[in-house]
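Letter by letter, the chains look like this.
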Amino acid sequence: MDTRRTASRLYEIALGVLFLGLGVVGYAYVPGMVKGWAFALPGTTDNALSPEFFPKLVFCLVMAAAGGVLVTTPRRVDILPAATTTRREAARVLAIAATVLAGLASMRFLGFAPAASLISAVMLFIVGYPRKLSGILVLVLFTIAVMAGFRYGMRVILPPGALGWYF
Amino acid sequence: MFETLVSAAAAAFDPAVLAAVFVGTAIGTLIGAIPGLTATMGMALLSPLTFFLSPVVGVGFLIGLYKGGTFGGSLTAVLIGTPGTASNAATMQDGYPLAQKGEGGRALGLSLWGSVVGDFFGSICLVIAAPVIGKFALNFGHAEFFALTLFSLTMVAYVSGSSLPKGLLAASLGLLLALIGTDPIGGSTRMTFGIPELSGGIGVIPLAIGLFGMSEVLWQLSAYSGGRAARAPATVIPPLRSLFAELWGYWRTILSSSAIGAGIGALPGVGAETSNWIAYGVARRYSKSPETFGKGNVEGVIAPEVSANAVCGASFIPTLLFGIPGDIVTAILMGALIAQGLQPGPMLIQEHPDVFYALYVTMFTSMFMLAFIGMFFIRSAGYIIRLPKPLLFIAVTILCFAGTYAVNSSVFDIWVMFVFGFVGYLFRKLDIPVAPLILAFILCETIESSFRRMLIQSRGSLMVLIERPISAVFILLTLAVVGSLLIKSFKRPQPV
């Protein structure tokens, strides 16, 4: 059988198992995920009043859907995009994600404009854009325009950094 | 009533509203015309801007954006054979062959005016249906709301792509995410895992921006290979008179496609991505020359465009009158209305008639704006298509940050947005549809509170669902849809 098709099936099985596990664990631990209580009315309203009632139903739905994925996997013949992803593509996504995360973490100290400009510059290098200098210039100007638009148009001050209000 | 209508018209013709509709339509068309950017992404990215505007100005901007985005996708579908949005995928089948024959201008002209006619039809449906359905909706109790919302959730099947279980999985994840925060009945905090920022729940805007905006950035930039952007062929637009004469010749197709678009738009949960293909299929089925479809038949351009834009007006029927979004775009628009303090549902027309009727008028003013702006864009589409992808999508990243932060001035929201951007990317890689997740997320509060309140009122009995006629009808419809889908999914194999 085509390796990509096998990989697609494995991904689907992993997906089904992951969500089945989530459903089972979630259902079992719902009471621990709820803070608070609900008073019971005499009669039959206790269940519906409980804040755990609906989450339990939803976790059952998660289990049913995951079961559906597992049952239909052997009959599926299509190839998932995940099975055709190249190493270069995966590495690029991870690099972009790491850049954005680092940029977000630095936003508290640097402020919106420097952090966003930094993210933009690194992303241009990651994707291999040929005209880097002009690209960085355009994106820095765009960031400043967005910041000014939000500040003066909508009275929203985007995260200021330790460097002060103007950043 | 008359005074309300006059004040609504005055509000809708306010220069600020007209300017907002104009700008919204222009940005929407631009966004729709850029492959990879969609009306949904545009709505998610730009809806935070409207929180700082008055309701009519803000929603007018979003209506313009919606309509412009729905049409804009046809520009690239016709010129370079890449639909800007899923709503225009069927247009490409015949639009692109026409452009290759040197008739791109004719295809774009027909596509624009077909969109305007469809838009008019959808808006008329809203105007006619709203008062009748509005009165009917006032009879809805918890059982009826639960049954209708449940029926809407089954519509998830139609936006589930190739696998119903995966659609259901996405929907159940949407429901789970919506449960984070405060219990709507008792006020207890649920599933916050000790994170104080989650006690108010996850906002629909960070979720939508992440799933539609950030995930697209990751998708596009990871696949960027540095090639040159596609060049559009030169287009010559025929005179308006000949375009109108040609459209008139296809009045039957226009009427049937409008009816298909409006009918599908009025159904909760299904939108233009579905209607354009159905209208295309029907037009081919009843065409005098079905063998020319796919080779450059203008009917194959008119039918999907008319139907995609007829969805716009009609999708406001379930959104405004029941608080149940007609499609993903109206789901985001509903989030914007709620942020403005306007709760869509049967009481909206009673409590805010001025805003409600101003939206009516805006539907029509945006239609004229679309015609005007569309004429400009079909002449300049060639330049838009050549925008460099990396710069464009990195700019979108910056907008994702700013737009998300603006909602609550919260950096935590940006983190949430980014996490869902990554989730959206993984969903695409695993062929899991995102639309059911966002629909279920939005419908969750209605479905949970109506279900639990119904049970409290009926002392735990589900029989109330079949004892009340309206809820019984929706429950029967739900069972019929679920039954037919189960039979279908077990009968056929599962290829795409």
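What counts and how
Residues numbered from 1 in each chain as written. Chains lettered and ligands numbered in written order. Predicted model: local features only at pLDDT ≥ 70, side-chain atom pairs only at ≥ 80, totals over all residues. Helix = DSSP H or I, 4+ residues; strand = E, 2+ residues; numbered from the N terminus. Buried ≥ 20, exposed ≤ 12 C-beta atoms within 10 Å, placed from the backbone. Contact = placed C-beta atoms within 7 Å. Rg over C-alpha atoms; globule rule 2.2 N^0.38 Å. Pairing = 2+ DSSP bridges. Nonpolar A, V, L, I, M, F, W, Y, C, P; charged D, E, K, R; others polar. Domains from an automatic or database assignment. Expected span 1.5 Å × (residues − 1). Core = buried A, V, L, I, M, F, W, Y, C linked by C-beta atoms within 7 Å. Axes fitted to C-alpha atoms, helices over the stretch in contact; angles between N-to-C directions. Parallel < 35°, antiparallel > 145°, perpendicular 65-115°, else oblique. pLDDT = per-residue confidence, 0-100. Left-handed = near helix turned anticlockwise from the far one by under 90°.

### Considerations on the overall build of chain A
Okay, step 1: The helix and strand inventory of chain A stands at six helices and one strand.
Okay, step 2: When the helices and strands of chain A are placed in sequence order, the string is α-β-α-α-α-α-α.
Okay, step 3: Counting over 167 residues, chain A shows a buried share of 34%.
Okay, step 4: Within chain A, contacts between residues at least 6 apart in sequence are counted, and of these 66% link residues at least 24 apart.

### So, the overall build of chain B
Okay, step 1: In terms of helices and strands, chain B carries 22 helices and two strands.
Okay, step 2: Relative to its length of 496 residues, chain B is compact, with a C-alpha radius of gyration of 22 Å against a globular reference of 23 Å.
Okay, step 3: Once the C-alpha set of chain B is aligned to its principal axes, its extents read approximately 70 × 55 × 45 Å.
Okay, step 4: Buried residues in chain B amount to 63% of all 496 residues.

### Observations regarding the sheet that holds strand E1 (residues 181-182) of chain B
Okay, step 1: With antiparallel pairing, the three strands of this open sheet are ordered in space as E1(A)-E2(B)-E1(B). For this open sheet the edge positions go to strand E1 (34-35) of chain A together with E1 of chain B, each flanked by a neighbour on one side alone.

### Overview of the interface of chain B and chain A
Okay, step 1: The interface of chain B with chain A comprises 58 residues on the first partner and 64 residues on the second.
Okay, step 2: The set of elements that each furnish at least two residues to the side of chain B that touches chain A consists of helix H8 (164-179), strand E2 (189-190), helix H9 (204-223), helix H18 (389-408), helix H19 (411-429) and helix H20 (435-457) of chain B.
Okay, step 3: Here the element with the most residues in the side of chain B that touches chain A is H18 of chain B; it accounts for eleven residues.
Okay, step 4: Residues belonging to the side of chain B that touches chain A are distributed by class as follows: 36 nonpolar, 13 polar and nine charged.
Okay, step 5: Note that E1 of chain A and E2 of chain B share two bridges and pair antiparallel. What sits directly across from Val34 of chain A, in E2 of chain B, is Arg190 of chain B.

### Focus on the environment of Phe150 of chain A
Okay, step 1: Here Phe150 of chain A lies in helix H6 (residues 132-153).
Okay, step 2: When neighbours within four sequence positions are excluded, Phe150 of chain A is seen to be in contact with Val156 and Leu158 of chain A together with Ala402 and Ala406 of chain B.

### Here's the deal with the domain arrangement of chain A
Okay, step 1: In terms of domains, chain A is made up of domain 1 (3-84) and domain 2 (87-153).
Okay, step 2: For domain 1 of chain A versus domain 2 of chain A, the distance between C-alpha centres works out to 36 Å.

### Quick look at helix H7 (residues 142-154) of chain B
Residues and elements named next belong to chain B.
Okay, step 1: A rise of 1.5 Å per residue sets the reference length of H7, with its 13 residues, at 18 Å; its end C-alpha atoms lie 18 Å apart and thus fit the reference within 8%.
Okay, step 2: In terms of burial, H7 is largely enclosed, as twelve of its 13 residues are buried.
Okay, step 3: Those residues of H7 not exposed but buried are His142, Ala143, Glu144, Phe145, Phe146, Ala147, Leu148, Thr149, Leu150, Phe151, Ser152 and Leu153.

### Details of unusual backbone geometry
Residues and elements named next belong to chain B.
Okay, step 1: Even without being glycine, Met191 reaches a positive phi, approximately 50°.
Okay, step 2: The residue Met191 is located in the loop between E2 and H9 in this model.
Okay, step 3: Accessibility expressed as a C-beta count within 10 Å gives 20 for Met191, which makes it buried.
Okay, step 4: Although it is not a glycine, Ser409 sits at a positive phi angle of roughly 50°.
Okay, step 5: With respect to the helices and strands, the residue Ser409 is situated in the loop between H18 and H19.

### Observations concerning the nonpolar core
Okay, step 1: In terms of nonpolar packing, the biggest core is built from 218 residues, with Met43, Ala208, Ile438 and Phe441 of chain B touching the most fellow members.
Okay, step 2: Each of domain 1 (3-84) and domain 2 (87-153) of chain A gives at least three residues to this core.
Okay, step 3: Ignoring anything within four residues of it in the chain, the contact list for Ile438 of chain B reads Gly174, Leu207, Ala208, Leu211, Ile328 and Ala331 of chain B.

### Observations regarding the packing of helix H4 (residues 55-79) of chain B against helix H15 (residues 328-339) of chain B
All names here are of chain B.
Okay, step 1: Put simply, H4 and H15 touch, their axes get as near as 10 Å, and they point 170° apart. By the criterion of interaxial angle, the relationship of H4 to H15 is roughly antiparallel. Each of Gly58, Val59, Leu62 and Tyr66 in H4 lies in contact with H15, whose residues at this interface are Val329, Leu333, Ala336 and Leu337.
Okay, step 2: Its residues assigned to classes, the contact of H4 with H15 comprises seven nonpolar, one polar and no charged.

### Brief notes about the environment of Phe193 of chain B
Okay, step 1: Relative to the helices and strands, Phe193 of chain B resides in the loop between E2 and H9.
Okay, step 2: The class for Phe193 of chain B is exposed, based on 7 C-beta atoms found within 10 Å.

### Examining helix H5 (residues 112-127) of chain A
Okay, step 1: In this model, H5 of chain A (16 residues) spans 22 Å end to end at C-alpha, consistent with the 22 Å of a helix rising 1.5 Å per residue.
Okay, step 2: Within H5 of chain A, burial applies to Phe112, Ala113, Ala115, Ala116, Ser117, Ile119, Ser120, Met123, Leu124, Ile126 and Val127 of chain A.
Okay, step 3: Structurally, H5 of chain A contributes buried residues whose contacts are with helix H4 (87-110) and H6 of chain A together with H9 and H18 of chain B.
Okay, step 4: Residue Gly128 of chain A follows H5 of chain A closely and has a positive phi angle near 75°.

### With respect to the confidence of the model for chain B
All names here are of chain B.
Okay, step 1: Taken as a whole, chain B shows an average pLDDT of 83; of its residues, 93% reach a score of 70 or greater.
Okay, step 2: When pLDDT is averaged over each element of chain B, H19 comes out on top at 92 and helix H1 (residues 2-12) at the bottom at 75.
Okay, step 3: If you check the scores for this complex, the pTM reads 0.81 and the ipTM reads 0.91.

### A look at the packing of helix H2 (residues 15-33) of chain B against H4 of chain B
All names here are of chain B.
Okay, step 1: Two numbers describe how H2 lies on H4: the axes approach to 6 Å, and their chain directions differ by 30°. One way to sum up the angle between H2 and H4 is to call them roughly parallel. The chirality of how H2 crosses H4 is right-handed.
Okay, step 2: Here the residues of the contact of H2 with H4 are counted per class, giving 20 nonpolar, 13 polar and one charged.

### Topic: the environment of Thr70 of chain B
Residues and elements named next belong to chain B.
Okay, step 1: If you trace the backbone, Thr70 turns up in helix H4.
Okay, step 2: In this structure the C-alpha to C-alpha distance between Thr70 and Ile31, which are 39 residues apart in sequence, comes to 9.5 Å.
Okay, step 3: With near-sequence residues (within four places) excluded, Thr70 lies in contact with Gly32, Ala39, Ser87, Ala272, Ala308, Asn309 and Cys312.

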